[in-house]
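Observations on the model geometry
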Amino acid sequence: MVQIITGFGLMMLKALGQTLLLALCGLFFACIIGLIFGLMNVIKNKVCNIIATIFVDVIRGVPMIVLAYFIFFGIPYLWNTILGIGGMQLTALTAGTICLALNCGAYMAEIIRAGIQSVDKGQMEAARSLGLTYGQSMRKVVLPQAIRTMIPSIINQFIITLKDTSILSVIGFPELVNTTKNVVGVTFKSFQAWGLAGVMYLVVIILLSRSAKAMERRLNRGRE
Amino acid sequence: MAENKEVKVHVEHLKKDFGELQVLKDINIDIYEGEVVVVLGPSGSGKSTFLRCVNRLEDITGGTVVVDGFDITDKHTDINKAREHVGMVFQHFNLFNNMDVLGNMMLAPTELKKATKDEAKETALKLLERVGMQDKIHAFPSQLSGGQKQRVAIARALAMNPNVMLFDEPTSALDPEMVGEVLAVMQQLAKDGMTMIVVTHEIGFAREVADRVVFMENGYIIEEGSPSEVIDNPKEERTKDFLSKVL
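Our subject in this report is the structure included herewith. Given the structure is predicted, the values throughout are model-derived calculations rather than measurements.

Assigned secondary structure in chain B consists of nine helices and ten strands. A principal-axis box enclosing the C-alpha atoms of chain B has dimensions of 50 × 45 × 40 Å. Looking at chain B as a whole, 56% of its 247 residues qualify as buried. Taking all contacts inside chain B whose residues are at least 6 apart in sequence as the whole, residues at least 24 apart take part in 66%. Of the charged side chains in chain B, 28 are positive and 40 negative; the average position of the first set lies 3 Å away from that of the second.

Encoded structure:
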């Protein structure tokens, strides 16, 4: 164990950094995608509703590993070989970010849809009856209330996404799982190396969920 | 009601369907400035739907509704502009839960650029005093009783300086001991000359405050007239039948 830590600890910490970088990039775009498709699902527009539903269903219905291979290998192949345009290259970070953003975005869209729908219809009606537009009512009245109910689910989704970065080891992104595999390849110390990787994930996720809980408490203070 | 007064709400052949269900079949009524009209009727008669058509919270299936000079059945009418001067009070209060009382009062006037923050606050404080809620300006809705919430809701609607006020069963969700405080605010409002349409089961309020009572059933206005005509001497069998159950 000591040998793994002293010999490869720094390397694995760097890999953990890459994991966090990938997770942050993915989550950032996932929030945008989730908000767009979540809103498209609740507005009174059949076309938008259908597009949002299809998006969520497709992403949820495809395993993330398939999505990762498809984006990393499939899309450039389509572009370069089938369409013959050529010149397209995706880095593992770009492909990984797209993959995480789409995957997490679909779940976020569902969380946001459910959160908005959990706010009593009367809130929107009262805002509209005062002359506020749909957008103003959404922004000032409905979304602030929806977000409070969404926070636990969003934190949960963040944690899942952080762990899902490990799947992206398959497209060669040098995150923690990929790096640990290499460490095991060199040292054959599976128990120590995977144990250390596990502990690293665990520490980050516990820190994340604890600080999220603290933030949630602060948000709720003085309201009820 | 005096016919020389301005018509504030004009409803002509109003129809409203929910899918196959015809809720409003043919509603015709003119409501004049300063008039207080109380709408009575059994549940399912369409009285709440009628009220919600007056500010188009429900999409209107057919007919014409003109409110305060805005033809809200015309697609080109800016419905948000029209709603600015038509206040609505709901059965379940619908105070914005994410804001305190003052926030509730100030949101629409400031967001719609009707007033600066200071002006809106000044108006809010005056109105809250009028409904007896000046001591609770920083309370959140969850900290108020039903009667208090409803009084704030009335003040919130008044903050937009409406020309017409709609009340959708404003006391039906209240504990009995709180009904009086809300009705008192409404009565004062009527006395001050507000044009009001009130859907309610409070027959006492109708008798005392209404200029005109409208009895609705099954998507039609069955009978209308002064409180003494409709409540005390109803002509229609169905009105008599309804009143015998609620009085």
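Moving on from the model shown.
Bringing the overall build of chain A into the picture now. Across its full length, chain A carries eight helices and zero strands. Counted from the first residue to the last, chain A has its helices and strands arranged as α-α-α-α-α-α-α-α. In terms of principal-axis extent, the alpha carbons of chain A reach across some 70 × 55 × 25 Å. Per-residue burial for chain A yields a buried fraction of 46% across its 224 residues. Intrachain contacts of chain A at a sequence separation of at least 6 include 75% that bridge at least 24 residues. On chain A, roughly 11,800 Å² of surface is accessible, and the fraction owed to carbon and sulfur atoms is 69%. Seen as two clouds, the 19 positive and the 8 negative side-chain charges of chain A have centres 7 Å apart.

A few words now on the side chain of A:Thr165. By secondary structure assignment, the location of A:Thr165 is in the loop between helix H6 (134-164) and helix H7 (176-187). Filtering out sequence-adjacent residues up to four positions away, A:Thr165 remains in contact with A:Thr19, A:Leu22, A:Ala23, A:Leu100, A:Glu175 and A:Tyr201.

Residues and elements named next belong to chain A. Tallied over the full model, the rule gives five aromatic pairs over all chains. Note on tyrosine 69 and phenylalanine 73: the rings are 6.0 Å apart at their centroids and 25 degrees apart in plane angle, and the pair reads as stacked. Residue tyrosine 69 and its partner phenylalanine 73 are located together in helix H3 (residues 64-82), separated by four residues, close to a single helical turn. A relative accessible area of 37% means that tyrosine 69 is categorised as partly exposed.

Turning our attention to the pairing of strand S10 (residues 220-225) of chain B. All names here are of chain B. Bridge analysis of strand S9 (residues 212-217) against S10 gives five bridges, and the strand direction is antiparallel. The residue of S10 that forms the bridge with phenylalanine 215 is glutamate 223. Hairpin connection between S9 and S10: a loop of two residues separates the two successive antiparallel strands, and asparagine 218 in this loop has a positive phi of roughly 55 degrees.

Let us look at the environment of B:Gly63. Residues and elements named next belong to chain B. The topology assignment puts glycine 63 in strand S4 (residues 62-67). Remark: the alpha-carbon pair of glycine 63 and glutamate 224, spanning 161 residues in sequence, is separated by 20 Å. Ignoring anything within four residues of it in the chain, the contact list for glycine 63 reads Glu12, His13, Leu14 and Thr73.

With that settled, the discussion passes to helix H4 (residues 117-130) of chain B. All names here are of chain B. Taking 1.5 Å per residue as the helical rise, H4 with its 14 residues ought to reach 20 Å, and the 20 Å between its terminal C-alpha atoms agrees with that figure. Every buried residue of H4 is accounted for by Ala120, Ala124, Leu127 and Leu128. What you see down the axis of H4 is that its buried residues fit within an arc of 100 degrees, all on one side. Opposite the buried face of H4, at more than 90 degrees from it, the exposed residues are Asp118, Lys126 and Glu129. Check the buried side of H4 and you find it contacts helix H3 (101-111) and helix H5 (146-158). Just past H4, the residue glycine 132 takes up positive phi, approximately 75 degrees.

Calculation rules
Residues numbered from 1 in each chain as written. Chains lettered and ligands numbered in written order. Predicted model: local features only at pLDDT ≥ 70, side-chain atom pairs only at ≥ 80, totals over all residues. Heavy atoms only, no water. Helix = DSSP H or I, 4+ residues; strand = E, 2+ residues; numbered from the N terminus. Buried < 20%, exposed > 50% of the residue type's maximum accessible area, 1.4 Å probe, protein only. Contact = heavy atoms within 4.5 Å. Lys, Arg positive; Asp, Glu negative; His and termini not counted. Charge placed at Lys NZ, Arg CZ, Asp CG, Glu CD. Areas by Shrake-Rupley, 256 points an atom, 1.4 Å probe, with all protein chains shown as cover. Phe/Tyr/Trp six-rings, centres within 6.5 Å; stacked < 30°, edge-to-face > 60°. Pairing = 2+ DSSP bridges. Expected span 1.5 Å × (residues − 1). Arc of directions from axis to C-beta.

Treat this as a map of the structure, not an account of what it does.
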